[in-house]
Amino acid sequence: MKRERNRQIDQVFQAALARDTEERTAFLDKACNDDPGLRRDVEALLASDEQAGGFIESPALEIAPELVADHTTSVTGKTIGPYRLDSQLGAGGMGKVYLAHD
């Protein structure tokens, strides 16, 4: 049942995202009908999506090209977007992992 509910939440969320902000309220009124829990969950996802501001959609090369190109420079203490990099946690063949503060 939980998987089916998550699928329902995702379908309504994706459909709401595809609409203009002005159209979303009317859409949610119809799509969520008599299910306030569904509406609450979808509105929470919409708020999170808005707060994220497209963060994950921007490649690192666009946000901080100088850091991506030079792998020898330490980035600890620098800020990338809204994140301050506090310390390096690890490194491997695919890149480095940092502890960051939002």
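All residue numbers here refer to positions counted from 1 along the written sequence of the relevant chain. Residues qualify for local features only when their pLDDT is at least 70, as the model is predicted, and side-chain atom pairs are given and counted only at 80 or more; totals for whole chains, interfaces and linings, by contrast, use all residues. To get the side-chain values, all heavy atoms of the structure are used, and hydrogens and water are removed first.

1. As for the overall build of the protein chain
Runs of E in the DSSP output that reach at least two residues are strands. Runs of H or I that reach at least four are helices, and both are numbered from the N terminus. Assigned secondary structure in the protein chain consists of five helices and three strands. Listed by position from the N terminus, the elements making up the protein chain come as α-α-α-α-α-β-β-β. A fraction of 23% describes how many contacts in the protein chain between residues 6 or more apart in sequence connect residues 24 or more apart. Note on definitions: a residue-residue contact is assigned when non-hydrogen atoms from the two residues lie within 4.5 Å.

2. Looking at the pattern of salt bridges
Pairing of side chains with opposite charge becomes possible as their charged atoms draw close. Salt bridge, as applied in this entry: a Lys or Arg side-chain nitrogen positioned within 4 Å of an Asp or Glu carboxyl oxygen. Following the criterion strictly, the structure yields six salt bridges and no others. The salt bridge involving arginine 39 is made with aspartate 29; its shortest N-O contact spans 2.5 Å. Within this pair, whereas arginine 39 is found in helix H3 (residues 36-52), its partner aspartate 29 is found in helix H2 (residues 21-32), the two being separated by 10 residues in sequence. Throughout this description, buried means an accessible area under 20% of the type-specific maximum (1.4 Å probe, protein chains only), exposed means over 50%, and partly exposed covers the range between. In this structure arginine 39 comes out as buried when scored by relative accessible area, which is 19%. The partner of arginine 40 in a salt bridge is aspartate 41, and the shortest N-O contact between them spans 3.8 Å.

3. Points about the sheet that holds strand E2 (residues 83-92)
Strands qualify as paired when DSSP identifies two bridges or more between them. Reading across the sheet, the three strands line up as E1-E2-E3 and stay open at both edges, with antiparallel pairing between neighbours. Lying at the two open borders of the sheet, with one neighbouring strand each, are strand E1 (79-80) and strand E3 (95-101). Sheet topology places E2 next to E3; seven bridges connect them, and they run antiparallel. Each residue of the ladder has a partner; that of serine 87, found in E3, is leucine 99.

4. Topic: the nonpolar core
One finds Ile9, Val12, Phe13, Ala16, Phe27, Leu28, Cys32, Leu38, Val42 and Leu46 forming the largest nonpolar core, which totals 10 residues. Secondary structure elements with two or more residues in this core: helix H1 (2-17), H2 and H3. A per-element tally of this core places H1 first, with four residues. In contact with alanine 16, other than residues within four places in its own chain, are Arg24, Phe27, Leu28 and Leu46. Among buried residues, the Ala, Val, Leu, Ile, Met, Phe, Trp, Tyr and Cys ones that are joined through side-chain atoms within 4.5 Å form a nonpolar core.

5. Considerations on a nonpolar patch on the surface
A surface patch of nonpolar side chains, about 290 Å² in accessible area, is lined by Leu89, Val97 and Leu99. Residue position: valine 97 is located in strand E3. In this analysis, a patch consists of residues with relative accessible area above 30% that form no salt bridge, clustered at 9 Å for like charges and at 5 Å for the nonpolar side chains Val, Leu, Ile, Met, Phe, Trp and Tyr. Working definition of accessibility: Shrake-Rupley area with a 1.4 Å probe, residue cover restricted to the visible protein chains.

6. Considering unusual backbone geometry
The general pattern is negative phi for most residues beyond glycine and trans for most peptide bonds. Phi is positive for asparagine 33, close to 35°, though the residue is something other than glycine. Residue placement: asparagine 33 occurs in the loop between H2 and H3. Look at asparagine 33 and you get exposed, because its relative accessible area is 61%.

7. Focus: the side chain of arginine 24
Mapped onto the elements of the fold, arginine 24 is located in helix H2. No salt bridge forms around the buried arginine 24; measuring N to O, its nearest opposite-charge neighbour glutamate 50 is 5.3 Å away. Two N or O atoms count as a polar contact when they lie within 3.5 Å, although within protein this holds only if one can serve as hydrogen donor and the other as acceptor, and sequence-adjacent residues are included solely when both atoms are side-chain atoms. Within the local environment of arginine 24, its side chain forms a polar contact with the backbone oxygen of arginine 19, the two atoms lying 3.4 Å apart. Setting aside anything within four residues of it in sequence, one finds arginine 24 in contact with Ala16, Leu17, Arg19 and Leu46. Residues scored as charged are limited to Lys and Arg (positive) and Asp and Glu (negative), so that His and the chain ends carry no count.

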